[in-house]
Amino acid sequence: MKTVLLFRTSFHPGMRLTYKPFYDFAKQADWQVQTVEHMNAAVSRYWRDSKAPNPNIRKILDFWKPDGCLVECGGIPDEPWDSDFKGIPTVFLDRPQANLDPSAICVSDDTEAVASLAAKELLSLERQSYAFVGFYEPLPWSESRGRHFLALVQAHGKSCITLRAPRPNTVDNNTSSFVKSLACIKRPCGIFTANDETAKSVVTACLELGLSIPEDVAIVSVDNDLEICENLPVSLTSIELDHVEAVRKATHLLNRLMTDGPKGVSSSTFGVKRI
């Protein structure tokens, strides 16, 4: 029986519903699965604001001596450190390829497919102008979605600007500047936001400015986090990523690594499920 560690960040509650392909395969392959919560995301959506200690990954690996690891990363490029998993068959799930060791195997979302779906939805509305609002930190997945969206809108001869959302739960000059920038966009406009958390800032700013959604500002977001999308003052249109496909791909890549080694195994992407 092989021991497989599943490292989870607990960022997206919906991800807990998508690991069925992994557990089904594990049962068939006779894997012993041990789940490990890692990173501050286990207790806080905003990991850098949390005071909770991070688990010692190296000690956990030394304790369990796993045959393989599936590591959910929550779209964050900085941790867990690649070096901790050296010598252990490992697949990183939902981790940007930027700053990742070239030899590491990763299954990440297809940012071009995400941006394309958002562009199709918003361009079909024939707005006067468009904008991309990035995550409050320049994380690779956010920046990549923005670049693709900008290029697609400009290819249609439309104007498009990029903004960065203010840090959540703060009121400072960045927030005021963001509201002022949003007020200057020609309307009606179409806005693509990096994710649902970012969309909250846009909705709040629009209401502060007295703008109507979607008449003045049409918004398309990413993640389909129902807790957010259905509980804002206006319901949010959001792109749902195909996390089931992601887990299935990651599981089969991990099995290949554990069975045959790294030769011929390469990183992959997963697409979108629906809008």
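As shown above, the structure is provided for reference.
The paragraphs below set out a description of the structure included in this document.

**As for the packing of aromatic side chains**
Then comes step 1: In the structure shown here, the tally under the stated rule is 11 aromatic pairs.
Then comes step 2: Ring geometry for F132 versus F192: centroids 5.4 Å apart, planes at 55 degrees, classification tilted. Of this pair, F132 sits in strand β6 (residues 129-134) while F192 sits in strand β8 (residues 189-193), placing them 60 residues apart in sequence.
Then comes step 3: With a relative accessible area of 0%, F192 lands in the buried category.
Then comes step 4: Following the ring pairs from residue to residue traces out a cluster consisting of Y19, F22, Y23, F25 and W31.

**A closer look at the sheet that holds strand β2 (residues 31-37)**
Then comes step 1: Strand order in the open sheet formed by six strands is β2-β1-β3-β4-β5-β11, and the pairing between neighbours is parallel. Among the strands making up the open sheet, the edge pair consists of β2 and β11 (268-270). Averaged over neighbouring strand pairs, the angle between their axes works out to 20 degrees when direction is ignored.
Then comes step 2: Both strand β1 (residues 2-8) and β2 contribute to a ladder of seven bridges, which runs parallel. Counted as the bridge partner of K2 is W31 from β2.
Then comes step 3: Each of β1, β2 and β3 (68-72) touches helix α2 (residues 57-64); the most contacted strand, β1, lies at about 160 degrees to it.

**Brief notes about empty space enclosed by the protein**
Then comes step 1: Within the structure shown, the criterion is met by two cavities of 30 Å³ or more.
Then comes step 2: There is about 40 Å³ of room inside the second largest cavity.
Then comes step 3: Around the second largest cavity sit F135, Y136, A165, P166, P168, E197, T198 and S201, which together line it.
Then comes step 4: Looking at side-chain class alone, the lining of the second largest cavity contains five nonpolar, two polar and one charged residues.

**What to know about the environment of G210**
Then comes step 1: Structurally, G210 can be placed in the loop between α6 (196-209) and β9 (217-222).
Then comes step 2: Looking at G210, the relative accessible area reads 61%, which means it is exposed.
Then comes step 3: Between the alpha carbons of G210 and A183 there is a distance of 9.8 Å; along the sequence they are 27 residues apart.

**With respect to the nonpolar core**
Then comes step 1: Counting 43 residues, the largest nonpolar core has L70, V91, F149 and F192 as its most contacted members.
Then comes step 2: Ranked by residue count, the leading element in this core is helix α8 (residues 243-260), at seven residues.
Then comes step 3: When near neighbours in sequence (up to four residues on either side) are disregarded, V91 contacts C69, L70, V71, I105, V107, A250, L253, L254 and L257.
Then comes step 4: Counting 23 residues, the second largest nonpolar core, distinct from the first, contains V202, C206, I219 and I228.

**Brief notes about the pairing of β8**
Then comes step 1: Where burial is concerned, most of β8 is hidden: five out of the five residues are buried.
Then comes step 2: Neither face of β8 is open: one carries C189, I191 and T193, the other G190 and F192, and all of them are buried.
Then comes step 3: Two elements, β6 and β8, share five bridges in a ladder whose sense is parallel. For F132, the partnering residue across the bridge sits in β8 and is F192.
Then comes step 4: Where β8 lies against β9, four bridges are found, and the strand directions are parallel. Considered in β9, the bridge of I191 is made with I219.
Then comes step 5: In this fold, β8 hands off to α6, which returns the chain to β9; that crossover is right-handed.

Cut-offs applied
Residues numbered from 1 in each chain as written. Predicted model: local features only at pLDDT ≥ 70, side-chain atom pairs only at ≥ 80, totals over all residues. Heavy atoms only, no water. Phe/Tyr/Trp six-rings, centres within 6.5 Å; stacked < 30°, edge-to-face > 60°. Helix = DSSP H or I, 4+ residues; strand = E, 2+ residues; numbered from the N terminus. Buried < 20%, exposed > 50% of the residue type's maximum accessible area, 1.4 Å probe, protein only. Pairing = 2+ DSSP bridges. Axes fitted to C-alpha atoms, helices over the stretch in contact; angles between N-to-C directions. Contact = heavy atoms within 4.5 Å. 1 Å grid on protein atoms, 1.4 Å probe; cavity = no way out; pocket = protein on both sides within 12 Å on 5 of 7 lines; lining within 4 Å. Points joined across faces, edges and corners; volume = space filled by probe spheres on them. Nonpolar A, V, L, I, M, F, W, Y, C, P; charged D, E, K, R; others polar. Core = buried A, V, L, I, M, F, W, Y, C linked by side-chain atoms within 4.5 Å. Right-handed = clockwise from strand over helix to strand, strands pointing away.

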